[in-house]
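# An overview of the molecular structure
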Amino acid sequence: MRHLRVIKTLLVAGMALFAGLVSYNNIVDYGSNYAFVEHVLTMDTTFEGNQLKSRAIESTFLHNLFYWLIIASEGLVSLLCLLGAINMLKALTQDKTQFNQAKKLASIGLFVGIILWFTGFMTIGAEWFLMWQSPIWNGQEGAFRFIVILFLTLGFINQYEDASN
């Protein structure tokens, strides 16, 4: 077995586990992070006198819809990375072309995670709904950590493979 292929496979499997746990936790302890989504969307803890509060969403239905979209996206990241890791594991001893093809679902899963945490949390949550202004309901640091890990994993698993790998 090639050690870098094993490392790549385990990193993708780790991301599947991480996203699966996040999704599972959000379903089982729905209320905890629902409160987060609700506060971000209602913009009730942004700076006083904020001129952008017209963006706030007060609908409980939409709060739940946004939250379920987040949970479904986390579940999709987990599923795609799990299937990608399984495909990569099956292709560990195959040639470069076959191993590269086996990384497709993993790459898509990591990309979906980047879209979720970068576009969903950093762009929509932090900038559109001004989550960065909230001293309590600010998920930028956590989202940034996830984005960095996802990007680094995506870049690493797709590195060129030479004969020594």
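Residues numbered from 1 in each chain as written. Predicted model: local features only at pLDDT ≥ 70, side-chain atom pairs only at ≥ 80, totals over all residues. Heavy atoms only, no water.

Attention now moves to the overall build of the protein chain. A tally of helices and strands in the protein chain yields six helices and zero strands. Helices (α) and strands (β) of the protein chain occur, in sequence order from the N terminus, as α-α-α-α-α-α. The C-alpha extent of the protein chain, read off along each of the three principal axes, is 60 × 25 × 20 Å. The burial tally for the protein chain puts 42% of its 165 residues in the buried class. A fraction of 77% describes how many contacts in the protein chain between residues 6 or more apart in sequence connect residues 24 or more apart. Surface accessibility of the protein chain: about 9,100 Å² in total, with carbon and sulfur atoms responsible for 68%. (Helix = DSSP H or I, 4+ residues; strand = E, 2+ residues; numbered from the N terminus. Buried < 20%, exposed > 50% of the residue type's maximum accessible area, 1.4 Å probe, protein only. Contact = heavy atoms within 4.5 Å. Areas by Shrake-Rupley, 256 points an atom, 1.4 Å probe, with all protein chains shown as cover.)

One turn of the α-helix equals 3.6 residues, which is why residues spaced by three or four share an orientation. A rise of 1.5 Å per residue sets the reference length of helix α6 (residues 140-157), with its 18 residues, at 26 Å; its end C-alpha atoms lie 25 Å apart and thus fit the reference within 8%. Within α6, the full set of buried residues consists of Gly 142, Ala 143, Ile 147, Leu 150, Thr 153, Leu 154, Phe 156 and Ile 157. Packed against the buried residues of α6 are α1 (3-28) and α5 (104-128). (Expected span 1.5 Å × (residues − 1).)

This brings us to the nonpolar core. Ranked by size, the top nonpolar core spans 42 residues in total, and within it Val 12, Phe 36, Cys 81, Leu 110, Trp 117 and Phe 121 carry the most contacts. Where this core is concerned, the elements lending two or more residues are α1, α2 (30-42), α3 (60-90), α4 (96-102), α5 and α6. In terms of residue count, α5 provides more of this core than any other element does, nine residues in total. Ignoring anything within four residues of it in the chain, the contact list for Phe 36 reads Phe 121, Met 131, Trp 137, Asn 138 and Gly 139. (Core = buried A, V, L, I, M, F, W, Y, C linked by side-chain atoms within 4.5 Å.)

The next subject is the packing of α2 against α3. As a packed pair, α2 and α3 sit with axes 9 Å apart at the nearest point and diverge in direction by 120°. Between α2 and α3, the crossing angle belongs to the class labelled oblique. The hand of the α2/α3 crossing is right-handed. Where α2 abuts α3, its residues Tyr 30, Asn 33, Tyr 34, Val 37, Glu 38, Leu 41 and Thr 42 lie against Thr 60, Leu 62, His 63, Asn 64, Phe 66, Tyr 67, Trp 68, Ile 70 and Ile 71. (Axes fitted to C-alpha atoms, helices over the stretch in contact; angles between N-to-C directions. Parallel < 35°, antiparallel > 145°, perpendicular 65-115°, else oblique. Left-handed = near helix turned anticlockwise from the far one by under 90°.)

For the rest of this paragraph, the subject is α5. The sharpest bend along α5 reaches about 25° and sits at Gly 120. Looking one or two residues beyond α5, the residue adopting positive phi is Leu 130, at roughly 55°. (Bend = angle between axes of the 7 residues up to and from the residue.)

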